[in-house]
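# Per-entry structural report
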Amino acid sequence: MTRSTELNRVAEEYVRLVLAVGQHDADYVDAFYGPEEWAAGAKNSPRTLDSLKDAGRSLQAEIGRIEVSADEEIVRLRHQYVSKQLDALLARVNVLSGTKLSFDEEAKAFYDTVPPIFPEEHFQKLLKELESLVPGPGSLSVRVEEFRRRFVIPPDRLDAVFTAAIDECRARTRKHIPLPPNETFNVEYVKNKSWSGYNWFKGNCYSLIQVNTDLPIFLERAVDLAAHEGYPGHHIYNSLLETALVRARGWVEFSVYALFSPQSLIAEGTANFGIEVAFPGTERLAFERDVLFPIIGCDPAGAAPYAQLQALTAKLSYAGNEAARRYLDGAFTRDQAAEWLVTYALMSPERAQQRTRFFDQYRSYVINYNLGQDLVKAYIEARGGTADAPDRRWKEFAALLSSPRLPSGIRL
Ligand SMILES: [Zn+2]
């Protein structure tokens, strides 16, 4: 067998294993657009967790025997991709079989990375910076919530705002990344979810983007969601992987997306960093002020302080990881985790409760957003894609989106 045939064979077996694990874990298979009979096979002939463990281990051994050190980089990355994704799959099977992992152990096993730990004082310092921006009596989180309330998108404007944001993100992306001619998406507004937005990639460069309307949606979320779920985030990441790897090379392992796997750190990290790539410097502020503020009938004079608030609260995102770590490791009850989120992540009590349900469902997945963003940013910048070199930044970003690179491959 040639190396490429060997890799294709283990890749196919990997996909079948992912689909089989999906029969034990409803959230596991986030996307699959490979052969339909494989999905039907997984459903009609379910495999036990023990048999999946055995199959996973023998596939690991088989991958280990494939020698790629003399191959071109993309083949080496492919080999590493299947190998690391498979390690994470086995870890997931062990968890489904009852193995208990701490937050940090799980992050390492599923996402190929070690999340940093921040002490409470770190967030207290950041809150002090915010105090001066939103002065007054009462708790800071209540003041921030009141400040933000002016920027809630009225439900009857939601679609107009979101459409404008996604149009802008798409226009900005296509200036720098040649978009596949058939790429397209639909937006749906849904309720009763633990997340605020979701991209369901269906193959053929088509995404279903869902926006959760359980809680009021602030204006800032329009650009966040449009860029993160759509352009140049998940929709483009998945479309480029499909075009460059699945269709052009026949690498079937990219037609399946296992949610609890290292790929998620790259997916969420690029989706979050993509917001900054699409709107460098003050361009986001200008777009929100000039285009989105008029749609919701808000005074454009409020745009600058609002943007300043976003910049400061963004630094608090790691407070969410700390809440998740303590809650999932048993140091916090749900209410204590929610209270921490209100205090240090400045969420409303309702949003904090919603977030604890996200912790229940997705656990250490939370690290993929902020740590993923930081790792992707550092990787792109180390390759010359800094904020003052926007074309280079787009180029490096697009290259990452079309490659099998995993967290170990972007760590500096
Ligand atoms: Zn995402």
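Notes on the structure follow. On a predicted model such as this, the values are computed, not experimentally measured, just so you know. (Residues numbered from 1 in each chain as written. Predicted model: local features only at pLDDT ≥ 70, side-chain atom pairs only at ≥ 80, totals over all residues. Heavy atoms only, no water.)

To continue, consider the sheet that holds strand β4 (residues 206–212). Across the sheet, three strands lie side by side as β2-β4-β3; this open sheet has mixed pairing. Bordering the open sheet on either side are β2 (184–190) and β3 (197–203), each of which pairs with just one other strand. Neighbour to neighbour, the strand axes of the sheet diverge by 20° on average, direction disregarded. Examined bridge by bridge, β3 and β4 share six bridges and lie antiparallel to one another. Considered in β4, the bridge of G197 is made with V211. On the sheet, helix α10 (residues 234–249) packs against β2, β3 and β4 and is oriented at approximately 20° with respect to β3. (Pairing = 2+ DSSP bridges. Helix = DSSP H or I, 4+ residues; strand = E, 2+ residues; numbered from the N terminus. Axes fitted to C-alpha atoms, helices over the stretch in contact; angles between N-to-C directions. Contact = heavy atoms within 4.5 Å.)

Applying the stated rule across the entire model yields 31 salt bridges. Here E276 makes a salt bridge to K377, at a shortest N to O gap of 2.7 Å. Remark: K377 occurs in helix α17 (residues 367–382) and E276 occurs in helix α11 (residues 263–278); sequence separation between them is 101 residues. Given the relative accessible area of 26%, K377 is considered partly exposed. Its salt-bridge partner being R325, residue E322 comes within 2.9 Å of it at the nearest N-O pair. Of this pair, E322 and R325 are both found in helix α14 (residues 318–328), three residues apart, which corresponds to roughly one turn of the helix. Just as E322 is buried, R325 falls in that class too. Among the charged side chains, a salt-bridge network with shared partners connects R221, D224, R284 and E288. (Salt bridge = Lys/Arg side-chain N within 4 Å of Asp/Glu carboxyl O. Buried < 20%, exposed > 50% of the residue type's maximum accessible area, 1.4 Å probe, protein only.)

Spanning 12 residues, helix α18 (residues 390–401) covers 16 Å between terminal C-alpha atoms, matching the ideal 16 Å at 1.5 Å per step. Within α18, burial applies to R393, W394, E396, F397, A398, L400 and L401. In the core, the buried residues of α18 are packed alongside α8 (158–174), α10, α11, α17 and α19 (407–410). (Expected span 1.5 Å × (residues − 1).)

Following the criterion strictly, the structure yields 27 aromatic pairs and no others. Pairing Y327 with F359 gives two aromatic rings, centres 6.3 Å apart and planes at 45°, and the pair type is tilted. Of this pair, Y327 sits in helix α14 while F359 sits in helix α16 (residues 349–362), placing them 32 residues apart in sequence. Classification of F359 by relative accessible area gives buried; the value is 0%. Ring pairing ties together the aromatic residues Y28, F110, Y111, F260, F358, Y362, Y365 and Y369, which thus form one cluster. Sitting over the face of the ring of F218, R148 holds its NZ or CZ atom 5.2 Å from the ring centroid. (Phe/Tyr/Trp six-rings, centres within 6.5 Å; stacked < 30°, edge-to-face > 60°. Lys NZ or Arg CZ within 6 Å of the ring centre and 35° of its normal.)

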